[in-house]
Amino acid sequence: MLQDQYDKAGSSFYLSLRSTADSKNCPGDHFSFLIRSGAANVVPPKICIQNNLVLGGVINNAGYGINVVILNGKTGEVIKTGHFDMYSGKVKPLIELLKSIEKGSIVLMASYDEPSSKLTEDARKLIAELGSSVVQSLGFRDNWVFVGGKGATVKSNFEKYLKNDNMKNKYENWPELIELTGCIPKYLD
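Every value quoted in this text rests on a predicted model; they were computed, and no experiment measured them. (Residues numbered from 1 in each chain as written. Predicted model: local features only at pLDDT ≥ 70, side-chain atom pairs only at ≥ 80, totals over all residues. Heavy atoms only, no water.)

A separate point is the packing of aromatic side chains. Applying the stated criterion across every chain yields a total of three aromatic pairs. For the ring pair Phe33 and Phe158, a centre distance of 5.1 Å and an interplane angle of 80 degrees mean the geometry is edge-to-face. With Phe33 in strand 1 (residues 30-36) and Phe158 in the loop between strand 7 (143-149) and strand 8 (159-162), this pair connects stretches of sequence that are 125 residues apart. An angle of 10 degrees between the planes, with centres 5.8 Å apart, marks the rings of Trp144 and Phe146 as stacked. Residue classification places Phe146 among the buried positions, given a relative accessible area of 0%. (Phe/Tyr/Trp six-rings, centres within 6.5 Å; stacked < 30°, edge-to-face > 60°. Helix = DSSP H or I, 4+ residues; strand = E, 2+ residues; numbered from the N terminus. Buried < 20%, exposed > 50% of the residue type's maximum accessible area, 1.4 Å probe, protein only.)

This is how it looks when you write it as structure tokens:
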């Protein structure tokens, strides 16, 4: 069980969850990021920008489903954070958020527990328009992290996906968590 693995790992596991994106490795016209998906239904996801935790369990703003951070693409300022339960919640608030994103915004997403049950074709299309190439394949309890942008003309290079497969899962009915780090270019008009 994941909780047992989490307890046995002790403080070294906790310390690794506290690490953030290292802005020293990014050029001045980029923002550093770290995205970590949730682990099963026990450890919430985490999103860091420029060495600052902006979404996670420690600051109590992460939740089941799809977790979202929207940044101003020019300044890196956090515009909005949210989480949308795609198992027992409704997809309409996620669709409304996706439709409200302004051109030039950077969007970061991380799954936790179950990201796909209520994800409609409309929601998938809106996420694909941000640059996701995986969202159309996202299934029950898959793990997924993604960075894209409103007005993106190409598919994002910042996306990872791990399919839920009971023969390969690390945590019983869930795949292992996934992590993505990198440098996001600032939006230029």
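Still more ground to cover, so stick around.
The next subject is the environment of Ile47. Note on placement: Ile47 falls in strand 2 (residues 46-49). Each C-alpha atom of the pair Ile47 and Leu34 lies 5.7 Å from the other, and the pair is 13 residues apart in sequence. When near neighbours in sequence (up to four residues on either side) are disregarded, Ile47 contacts Leu34, Ile35, Asn52, Leu53, Val54, Leu55, Val69, Leu108 and Ala110. (Contact = heavy atoms within 4.5 Å.)

Time to look at the state of the cysteines. Inspection of the entire model under this criterion finds one disulfide. A disulfide bridge connects Cys26 with Cys183, and the sulfur atoms are separated by 2.0 Å. Here the S-S torsion is close to -85 degrees, and the disulfide linking Cys26 with Cys183 is therefore left-handed. On the criterion of sequence distance, the pair formed by Cys26 in the loop between helix 1 (2-18) and strand 1 and Cys183 in strand 9 (residues 179-185) is long-range, its members being 157 residues apart. The class for Cys183 is partly exposed, based on a relative accessible area of 21%. (Disulfide = S-S within 2.5 Å.)

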